[in-house]
Amino acid sequence: MKKYEKLLWEKYQKSGQPGIEERFRHALGVKKEALELIDCFGFPIDKNKAAVAALLHDYAKFESEERFREVIRKYKLDPEISELNPVVWHSLLGPYIIREELGLVDPDILAAVRNHTLGSPEMGLLEEVIYLADITEENRRGPEFEAARRLSRRDFYGAILVKVEALLKAFPGEHNRKLYQKYTEVKCRF
Ligand SMILES: [Fe+2]
Ligand SMILES: [Fe+2]
């Protein structure tokens, strides 16, 4: 696992941008949080995969806009991606960059990276764990994060719903409405 920590740190250092220490700490926090969630609920998830997905979920965080545009062109992706809030590019395009630069092709890990910001109604357990751990890891400070963290230990889907609700409030679009509907139903079943 140290291998991916090292690769992530080297990648961040190369970016020469401010805030890399904080972002690196966040990645370690998401890894710790994801493993704790898996243990807490006894989820049948490969912990090695979860650790790699957690460490790499923000791998493309400091990528340049030019590089993102190049990925969209190279893989002939929906040009509408470039119209989205740039904040989401690192998650949607991260899998392509991780595959190119690290040779990592595991579809579960790449899906967890892709969906960690926007989520998807088709998320599997690993994707859900990373989606949630991204906001409940210990370096996230603030009453709403702390409330979500506490909730996450007894009500996994309730905590996911907290994130979905916050996103729906901030971005009331079709995608978040679908997610909200799905996780409201899922929560009722648990
Ligand atoms: Fe992210
Ligand atoms: Fe993150």
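Model, not experiment: these values are computed from the prediction.

Draft legend 1. Looking closely at the nonpolar core. Counting residues in hydrophobic clusters, the biggest one holds 46 residues, and the most contacted among them are Ala34, Ala50, Ala53, Ala54, Val129, Ile130 and Ile160. If near-sequence neighbours (up to four positions away) are discounted, Val129 is found in contact with Ala34, Leu37, Ile38, Phe43, Ile45 and Ala50.

Draft legend 2. Main features of the packing of helix α7 (residues 107-114) against helix α8 (residues 125-136). The contact between α7 and α8 brings their axes to 9 Å, and the two run at 35°. Of the two elements, α7 crosses α8, and the hand of that crossing is right-handed. Of the residues in α8, those touching α7 at Asp108, Ala111 and Ala112 are Leu126, Glu127 and Ile130. Tallied by class, residues from the contact of α7 with α8 come to four nonpolar, no polar and two charged.

Draft legend 3. Spatial organisation of unusual backbone geometry. The phi angle at Lys76 is positive, at roughly 50°, despite the residue not being glycine. By the C-beta count within 10 Å, which is 7 here, Lys76 ends up exposed.

Rules used throughout
Residues numbered from 1 in each chain as written. Chains lettered and ligands numbered in written order. Predicted model: local features only at pLDDT ≥ 70, side-chain atom pairs only at ≥ 80, totals over all residues. Core = buried A, V, L, I, M, F, W, Y, C linked by C-beta atoms within 7 Å. Buried ≥ 20, exposed ≤ 12 C-beta atoms within 10 Å, placed from the backbone. Contact = placed C-beta atoms within 7 Å. Axes fitted to C-alpha atoms, helices over the stretch in contact; angles between N-to-C directions. Helix = DSSP H or I, 4+ residues; strand = E, 2+ residues; numbered from the N terminus. Left-handed = near helix turned anticlockwise from the far one by under 90°. Nonpolar A, V, L, I, M, F, W, Y, C, P; charged D, E, K, R; others polar.

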